[in-house]
Amino acid sequence: MTESEAELLALLRALDDPGWLEWPQDYDRGGTAARFGTLVARLEGDFATRCTVEPDTQDSSEYGRVRDCCMIG
């Protein structure tokens, strides 16, 4: 391992939540869910569409996905 790889690994470990290694420190799951819901509502409202979503995607570096949106009417 090079010095820069060791530094990167140390940084990533420092960002981990010591009690829950899947999330960064200070991760606000409820806040993230609320912001995702706001995003979906905004997409649906601004584009007059209905979106299919996958919130709270497991084993992923993302919270959720907007799969596709279909025009209403």
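The present account deals with the structure reproduced in this document. Counting starts from 1 at the beginning of each chain's written sequence and moves along it residue by residue. Note on the predicted model: pLDDT of at least 70 is required for a residue's local features to be given, and 80 or more for side-chain atom pairs to be given and counted; whole-chain, interface and lining totals, by contrast, use all residues. Water and hydrogen atoms play no part in the side-chain values, which are based on all heavy atoms of the structure.

**Examining the overall build of the protein chain**
Part 1 of the reasoning: In this text, helices come from DSSP runs of H or I with a minimum length of four residues, and strands from runs of E with a minimum of two, each type numbered from the N-terminal end. If you tally the helices and strands in the protein chain, you get 2 helices and 4 strands.
Part 2 of the reasoning: Counting helices and strands in the order they occur from the N terminus, the protein chain gives α-β-β-α-β-β.
Part 3 of the reasoning: In this description the radius of gyration comes from C-alpha coordinates, and the expected globular size is given by 2.2 Å times residues to the power 0.38. The C-alpha atoms of the protein chain give 17 Å as radius of gyration, which overshoots the globular expectation for 73 residues (11 Å, by more than 25%).
Part 4 of the reasoning: In terms of overall dimensions, the protein chain has C-alpha extents of about 60 × 25 × 20 Å along its principal axes.
Part 5 of the reasoning: Counting all 73 residues of the protein chain, 12% fall into the buried class. Working definition: with a 1.4 Å probe on protein chains only, accessible area under 20% of the residue-type maximum means buried, over 50% means exposed, and in between means partly exposed.

**A word on a nonpolar patch on the surface**
Part 1 of the reasoning: Side chains of L8, L11, L12 and L15 sit close together on the surface and give an oily, nonpolar patch of about 380 Å² of accessible area.
Part 2 of the reasoning: Residue placement: L8 occurs in helix 1 (residues 3-15). Grouping into patches uses exposed residues only, defined as over 30% relative accessible area, and leaves out salt-bridged ones; the cut-off is 9 Å for like charges and 5 Å for nonpolar side chains (Val, Leu, Ile, Met, Phe, Trp, Tyr). Residue-level accessible areas treat just the shown protein chains as cover; the underlying method is Shrake-Rupley with a 1.4 Å probe. We define a salt bridge as a side-chain nitrogen of Lys or Arg found within 4 Å of a carboxyl oxygen belonging to Asp or Glu.

**A few points about helix 2 (residues 29-47)**
Part 1 of the reasoning: Along its 19 residues, helix 2 runs 27 Å from first to last C-alpha, staying within 8% of the 27 Å computed at 1.5 Å per residue.
Part 2 of the reasoning: As used in this structure description, the phrase polar contact means that two N or O atoms lie within 3.5 Å; if the pair is within protein, one of them must be able to donate a hydrogen and the other to accept it, and residues adjacent in sequence are counted only when both atoms belong to side chains. N-capping of helix 2 is provided by D28, with a side-chain oxygen placed 3.3 Å from the backbone N of G30. Helices are assigned an expected span. That span is 1.5 Å times one less than the residue count.

**Description of the pairing of strand 2 (residues 20-24)**
Part 1 of the reasoning: Whether two strands pair depends on DSSP finding at least two bridges between them. Two elements, strand 1 (residues 16-17) and strand 2, share 2 bridges in a ladder whose sense is antiparallel. Counted as the bridge partner of D17 is W20 from strand 2.
Part 2 of the reasoning: Following strand 1, the chain reverses through 2 residues before pairing antiparallel with strand 2.

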